[in-house]
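# Coordinate inspection notes
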Amino acid sequence: MIFYLNGIFVGLLILANIVAVKLFSIGDFAILPAAVIVYIFTYPLIDVIVEVYGKKEGRRTVQAGLIMQILALIFIIITIHLPAAPVFKEQVEFETILNGSFRVILASLISYAISQNLDVFVFNKLKKRHGQNKLWLRNNASTMLSQLIDTTIFITIAFYGTMPIAILGSLILTQYIFKFAAAILTTPLVYGLVHFIRKQETKEQHTTVMSDY
């Protein structure tokens, strides 16, 4: 199951980077990048991995995600600069969608590396203290803290100096409120995945033992 979780995690990261150029609004309350709809699910996945497979596997998954994001960036740059065929009339649109600014990309990579590793660290610390009890506590505490760090670092690096400090603070606050609510709403997903994976792991172990006879 760890391979499926790793694949889903990395896939969500790449998808978040692709859809990040789309902005959507929640009434008059906030304007958010579409990436947050995808990215918020990476934290529950990491928590599930640490819960079932341990801190080491969680860090490996985070590292794999970072490597794949860098590789995706390299290949996107390569494809953008390939000479367009005469029949391909959408080169400008292609570049607009895929060619984010270097500062935004750098902000994304730095905030990802710090916040996801923090999530693994905090979740593992709480797991050592509570064992298998209070999954809801370590899931929400680690996610809410790491999401705050992620949002603050990303917006600060990406936009500092381009807008007033008050607007930067407003952006951080509105995005974090959305992510805070999402963390609570995805708690049942964490419980469901942990239960399902443990059940599957037990079944596979039982099958392996039976096949040895």
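About the criteria used
- Residues numbered from 1 in each chain as written.
- Predicted model: local features only at pLDDT ≥ 70, side-chain atom pairs only at ≥ 80, totals over all residues.
- Heavy atoms only, no water.
- Helix = DSSP H or I, 4+ residues; strand = E, 2+ residues; numbered from the N terminus.
- Buried < 20%, exposed > 50% of the residue type's maximum accessible area, 1.4 Å probe, protein only.
- Contact = heavy atoms within 4.5 Å.
- Core = buried A, V, L, I, M, F, W, Y, C linked by side-chain atoms within 4.5 Å.
- Salt bridge = Lys/Arg side-chain N within 4 Å of Asp/Glu carboxyl O.
- pLDDT = per-residue confidence, 0-100.
- Phe/Tyr/Trp six-rings, centres within 6.5 Å; stacked < 30°, edge-to-face > 60°.
- Pairing = 2+ DSSP bridges.

## Remarks on the environment of Lys-22
Among the secondary structure elements, Lys-22 is positioned in the loop between helix H1 (2–19) and strand E1 (23–26). We classify Lys-22 as exposed; its relative accessible area is 53%. Taking the C-alpha atoms as reference, Lys-22 lies 5.4 Å from Ala-34; in sequence the two are 12 residues apart. Setting aside residues up to four positions removed in sequence, Lys-22 forms contacts with Leu-32, Pro-33 and Ala-34.

## Points about the nonpolar core
The tendency in soluble globular proteins is for nonpolar side chains to be buried side by side. In terms of nonpolar packing, the biggest core is built from 24 residues, with Leu-5, Phe-9, Tyr-39, Ile-46, Val-48 and Tyr-112 touching the most fellow members. Listing elements by their share of this core, those giving two or more residues are H1, helix H2 (35–39), helix H3 (42–53), helix H6 (102–130) and helix H9 (187–211). For this core, the leading source of residues is H1, giving 7 residues. Ignoring anything within four residues of it in the chain, the contact list for Tyr-39 reads Leu-13, Ala-16, Tyr-112, Ser-115, Gln-116 and Asp-150. Membership of the second largest hydrophobic core comes to 6 residues, among which are Ile-155, Ala-158, Leu-168 and Ile-172.

## Side note on the pattern of salt bridges
Going through the model one piece at a time under the given rule, you end up with 5 salt bridges. As a salt-bridge pair, Lys-127 and Glu-51 come within 3.4 Å of each other at their nearest N and O atoms. Pair noted here: Lys-127 is in helix H6 and Glu-51 is in helix H3, with a separation of 76 residues, a long-range link. Glu-51 shares its class with Lys-127; the two are buried. With a shortest N-O distance of 2.8 Å, Arg-138 and Glu-51 are connected by a salt bridge. Note that Arg-138 is positioned in helix H7 (residues 135–159) and Glu-51 in helix H3, a separation of 87 residues in sequence. The exposure class of Glu-51 is buried, given its relative accessible area of 2%.

## Remarks on the confidence of the model for the protein
On average, residues of the protein score 89 in pLDDT, and 95% of them reach the 70 mark or higher. When mean pLDDT is compared element by element in the protein, H3 scores highest at 95, while strand E2 (residues 30–33) scores lowest at 80.

## Description of the packing of aromatic side chains
Taken as a whole, this structure holds 6 aromatic pairs when the rule is applied. Between Phe-24 and Phe-178, the aromatic rings sit 6.4 Å apart at their centres with planes inclined by 70°, giving edge-to-face as the arrangement. Taken as a pair, Phe-24 in strand E1 and Phe-178 in helix H8 (residues 165–185) lie far apart in primary sequence, 154 residues in all. Look at Phe-24 and you get partly exposed, because its relative accessible area is 22%.

## Remarks on the pairing of E1
Bridge analysis of E1 against E2 gives 4 bridges, and the strand direction is antiparallel. Bridge pairing links Ser-25 to Ile-31 in E2. Hairpin geometry of E1 and E2 is characterised by an intervening segment of 3 residues between the two adjacent antiparallel strands and by a positive phi of about 55° at Gly-27.

## Quick notes on the side chain of Thr-143
For Thr-143, the location among the structural elements is in helix H7. When neighbours within four sequence positions are excluded, Thr-143 is seen to be in contact with Tyr-43, Asp-47, Asp-119 and Ala-183.

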